[in-house]
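Structural overview
What follows is each chain in one-letter form.
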Amino acid sequence: MPDQQLTAIPGIGPATARTLADAGYSTVKAVAKTSESKLSKVPGFGNARAAAVIAAAQGTLAAAGSDKTVETKKKTKDTKGKKKKKKDGKKKKRKKKDKKKRKK
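Thresholds, definitions, all that
Residues numbered from 1 in each chain as written. Predicted model: local features only at pLDDT ≥ 70, side-chain atom pairs only at ≥ 80, totals over all residues. Heavy atoms only, no water. Helix = DSSP H or I, 4+ residues; strand = E, 2+ residues; numbered from the N terminus. pLDDT = per-residue confidence, 0-100. Contact = heavy atoms within 4.5 Å.

Remarks on the environment of Lys41
Tracing the backbone through its elements, the reader meets Lys41 in the loop between helix 4 (36–39) and helix 5 (47–63). Through-space distance from the C-alpha of Lys41 to that of Ala23 is 9.1 Å; in sequence the pair is 18 residues apart.

So, the confidence of the model for the protein chain
The pLDDT averaged across the protein chain works out to 77; a share of 62% of its residues lies at or above 70. This stretch, residues 66–74, has a pLDDT under 50; its non-local contacts, to residues over four places away or in other chains, come to ten contacts.

Looking at the environment of Val31
Positionally, Val31 belongs in helix 3 (residues 28–33). Once you skip the residues sitting within four places of it in the chain, Val31 turns out to touch Leu6, Ile9, Leu20, Tyr25, Leu39, Val53, Ile54 and Ala57.

So this is what it looks like as structure tokens:
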């Protein structure tokens, strides 16, 4: 049963295993081989969760003694940090403008 194989991946329970199986990922190896962008298209998976699940699946294969280790290229963007910096910059500018208005 595909659910049992997928639930061997840490963080994957029966419901998520069914979601993955419905999306065409029926084995741990299939999840380990996929790309982050493909897995993030599965409902309930964003880029971060997809990367974590792929890494966990690869670890599960390695722990099981699989003779083939799968490596994937990580293409992650830390947009949250960049957005915070921009927002912080805007806040500082607003504060400066508010101070100038108060002085007038």
